[in-house]
Amino acid sequence: MEAAALLALTLILGALVLLVALAVGRRKEEIRAEQTAEFAANDGAGKASATKKHKQEKQRNRREKAAQHTFSHPLLAGSLKSHSGHVTSLDFSSNGKYLASCADDRTVRIWSTKDFLDRDHKCLRANVELDHATLVSFSPDSRAFITWLANGDTIRVFKMSKKDDGTMGFKAAPEDFPQKHKATVINICIAETGKFIMSASADTSIHIWDLKGEILASINTNQMSNSFAAVSPCGRFVGSAGFTPDVKVWEVCFTKTGEFKEVMRAFDLKGHQAGVHAFAFSNDSNRMVSVSKDGTWKLWNTDVEYKKQQDPYLLRTVPCRTSEGSRIALSPDGRVVAISSGCNIAMYSAVTGQLEEEMNAVHSEEITDLKFDINGRFLVSCGDKAVRVFHNAPGYRAAIADMQDMLKKSKNEGVKQRLQQQINDAQSALDKVLAVNGK
């Protein structure tokens with residue numbers, strides 16, 4: 001009896017010990033699981049915190065870099081600094097009075113060119129509601145401008161008008177253009193004739209619109225991808241550059257009564273060994289320049305009878321520094337070429353191909369636009385929050401050299417006197433620029 005009781009007690013104690021062991025083991029597993037979960041949570045939070053900290057640090061460094069960036073150069077006429085965001089596009093009005101700039105601060109600024117040499121640069125502001133503009137282009141009458149909306153993926157028209165108090169105001173059109181592009185838009189432009197608007201995207205598409213937002217024609221550039229597109233100053237031609245080494249140019253044709261007729265292939269610029277970054281026209285469209293990944297820029301004579309299959313003439317090939325996104329500008333008179341490479345700008349004589357001026361670290365970030373004003377007095381660039389304005393000193397020098405050459409050849413005394421006076425005036429203007437800027 002006692003043996004049976006002892007056996008039963010032993011079994012009960014054994015069962016209790018087993019239960020306690022199982023409970024302790026389960027608890028250890030729970031604690032280990034909790035610790036693992038806590039560690040994972042902490043690790044995830046740490047990684048998230050580190051990522052957030054890295055982003056904040058990157059943004060802070062970018063802000064500090066932009067804030068700390070200073071630039072000076074003997075040809076710098078001024079810096080336009082009212083934008084609080086990155087400036088992406090510039091355009092001069094046809095009358096030469098205004099410069100438009102757009103930035104990711106949801107504004108378009110209109111600057112007066114007559115204030116470029118003043119210490120203070122006042123501007124008018126147009127707000128881009130619920131979006132921001134990446135591109136801007138003036139209308140031929142200088143009373144309106146169009147923008148490309150970053151989020152809306154469409155064109156918005158702004159009209160400029162004087163208020164009752166005499167100040168300028170801006171009013172957006174009631175409706176934006178319809179969405180037609182399927183890739184990022186790289187440029188927009190209103191033809192100087194006022195007959196059409198061009199928009200080009202990074203795939204192979206170019207759309208030709210009427211001023212009311214209806215598509216007149218669409219062009220497939222067949223260049224695998226577009227890097228740049230533009231309308232010629234005469235308003236007749238549309239050109240595109242891209243992955244292929246050629247620049248393709250079309251003529252947008254209208255009837256004598258002003259009705260759209262067709263888009264026909266005009267000519268190609270052939271000669272580069274790699275894809276073309278960008279190109280530009282002279283004011284009369286008789287000259288073009290192109291800059292390529294092959295490390296050269298080329299000058300072309302495009303005053304040809306393309307309808308008779310005559311090709312443009314290559315006038316000059318010049319080695320230069322380039323980078324992805326390089327821009328090129330040709331002065332209206334075709335005498336000076338400006339090229340951006342990263343944050344730097346180089347100015348060349350189109351007549352000799354010689355490097356005339358170099359401006360390094362012009363902006364804290366890559367230059368996004370580069371243009372001469374319609375009179376060829378100034379070159380402007382953007383790449384951060386500022387717009388830089390430069391004197392076109394190489395243009396003055398080239399004009400003086402041309403007039404001196406004409407003076408030597410002239411046999412008419414009256415013409416000689418006029419040329420000499422023009423030379424004196426141009427030299428005086430150049431001397432004044434260089435003296436003011438200490439060069």
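Basis of the calculations
Numbering of residues starts from 1 in each chain and follows the order in which that chain's sequence is written. For this predicted model, a pLDDT threshold of at least 70 governs which residues receive local features, and a threshold of 80 or more governs which side-chain atom pairs are given and counted, while totals over whole chains, interfaces and linings are taken from all residues. Only hydrogens and water are set aside when side-chain values are computed; all heavy atoms of the structure are taken into account. Each helix is a run of H or I in the DSSP string that is no shorter than four residues. Each strand is a run of E no shorter than two, and both are numbered from the N terminus. Using a 1.4 Å probe on the protein chains alone, a residue whose accessible area is under 20% of its type maximum counts as buried, one over 50% counts as exposed, and one in between counts as partly exposed. Note on definitions: a residue-residue contact is assigned when non-hydrogen atoms from the two residues lie within 4.5 Å. Any two strands with at least two DSSP-identified bridges between them are counted as paired. Helix axes are fitted only over the stretch in contact, all axes being lines through C-alpha atoms; the angle between N-to-C directions runs from 0 to 180 degrees. Here a salt bridge means any side-chain nitrogen of Lys or Arg lying within 4 Å of a carboxyl oxygen belonging to Asp or Glu. To qualify as a nonpolar core, a set must consist of buried Ala, Val, Leu, Ile, Met, Phe, Trp, Tyr and Cys residues joined through side-chain atoms within 4.5 Å. Expected helix span is taken as 1.5 Å per residue step, with the number of steps being one fewer than the number of residues. As a per-residue quantity, pLDDT reports the predictor's confidence and falls between 0 and 100.

1. Some details on the overall build of the chain
Then step 1. A tally of regular secondary structure across the chain gives 3 helices and 28 strands.
Then step 2. Out of the 439 residues in the chain, the part that is buried amounts to 46%.
Then step 3. Of the contacts made within the chain by residues no fewer than 6 positions apart, 46% connect residues no fewer than 24 positions apart.

2. Here's the deal with the sheet that holds strand E5 (residues 123–127)
Then step 1. Read across the open sheet, the 4 strands follow the order E2-E3-E4-E5; overall the sheet is antiparallel. Two strands lie at the open edges of the sheet, namely strand E2 (87–92) and E5, each paired on one side alone. Ignoring which end each strand starts from, the neighbouring axes of this sheet average 20 degrees apart.
Then step 2. The pairing of E2 with strand E3 (residues 98–103) spans 5 bridges and is classified as antiparallel. For aspartate 91, the partnering residue across the bridge sits in E3 and is alanine 100.

3. Some words on the pairing of strand E19 (residues 287–292)
Then step 1. E19 sits mainly inside the fold: 5 of its 6 residues count as buried.
Then step 2. Adjacent in sequence and paired antiparallel, strand E18 (residues 276–281) and E19 are bridged by 5 residues, among which serine 285 carries a positive phi angle near 65 degrees.
Then step 3. What sits between E19 and strand E20 (residues 296–301) in their antiparallel hairpin is a turn of 3 residues, with glycine 295 showing a positive phi close to 80 degrees.

4. Some remarks on the pattern of salt bridges
Then step 1. Considering all chains together, one arrives at 11 salt bridges under this definition.
Then step 2. Between arginine 397 and glutamate 356 there is a salt bridge, with the nearest N and O atoms lying 3.3 Å from each other. On the criterion of sequence distance, the pair formed by arginine 397 in helix H2 (residues 393–409) and glutamate 356 in strand E25 (residues 355–359) is long-range, its members being 41 residues apart.
Then step 3. Owing to a relative accessible area of 27%, arginine 397 belongs among the partly exposed residues under this scheme.
Then step 4. By relative accessible area, glutamate 356 is classed as partly exposed at 30%.
Then step 5. The residue glutamate 357 makes a salt bridge to arginine 397 at a minimum N-O spacing of 3.0 Å. On the criterion of sequence distance, the pair formed by glutamate 357 in strand E25 and arginine 397 in helix H2 is long-range, its members being 40 residues apart.
Then step 6. Look at the salt bridges and you will find they share partners, linking Asp333, Arg335 and Asp402 into a network.

5. Focus: the nonpolar core
Then step 1. With 31 residues, the main nonpolar core has Met288, Trp297, Ile328 and Val337 as its most contacted residues.
Then step 2. Of all the elements, E18 adds the most residues to this core, at 5 residues.
Then step 3. Beyond its immediate stretch of four places on either side in the chain, methionine 288 contacts Val247, Val249, Phe267, Leu269, Phe279, Ala280, Phe281, Lys298, Leu299, Trp300 and Thr302.
Then step 4. Met359, Val362, Ile400 and Leu407 belong to the second-largest nonpolar core, a separate cluster that totals 25 residues.

6. Some details on the sheet that holds strand E7 (residues 144–149)
Then step 1. Strand order in the open sheet formed by 4 strands is E6-E7-E8-E9, with antiparallel pairing between adjacent strands. Single-partner strands in this sheet number two, and they are strand E6 (133–138) and strand E9 (168–172). Put simply, the sheet's adjacent strands are angled 25 degrees from each other on average, direction ignored.
Then step 2. Judged from the 5 bridges that link them, E6 and E7 form a sheet pairing that is antiparallel. The residue bridging serine 137 from the neighbouring strand is isoleucine 146, located in E7.

7. Comments concerning H2
Then step 1. The terminal C-alpha atoms of H2, which comprises 17 residues, lie 25 Å apart, in line with the 24 Å expected from a rise of 1.5 Å per residue.
Then step 2. Considered for burial, the residues of H2 that qualify are Ala393, Pro394, Gly395, Tyr396, Ala398, Ala399, Ile400, Met403 and Leu407.

8. What to know about unusual backbone geometry
Then step 1. The backbone of arginine 106 sits at a positive phi, close to 70 degrees, despite the residue not being glycine.
Then step 2. Locating arginine 106 in the fold gives a position in the loop between E3 and strand E4 (107–112).
Then step 3. Of note in this structure, glutamine 309 is not a glycine but carries a positive phi near 70 degrees.
Then step 4. Residue placement: glutamine 309 occurs in the loop between E20 and strand E21 (313–319).
Then step 5. Taking the relative accessible area as the measure of exposure, glutamine 309 reaches 66% and is therefore exposed.

9. Some thoughts on the environment of valine 247
Then step 1. In this structure, valine 247 sits in strand E16 (residues 247–254).
Then step 2. C-alpha separation for the pair valine 247 and alanine 278, spaced 31 residues apart in sequence, amounts to 8.7 Å.
Then step 3. Those residues within four positions of valine 247 in sequence are excluded, and the remaining contacts are Ser240, Ala241, Phe267, Asp268, Leu269, Val276, Phe279, Met288 and Ser290.

10. Observations concerning the confidence of the model for the chain
Then step 1. Looking at the chain, pLDDT values average 87 and 84% of them are 70 or higher.
Then step 2. A low-confidence stretch, residues 33–48 (pLDDT under 50), is modelled with 1 contact involving residues beyond four sequence positions or located in other chains.

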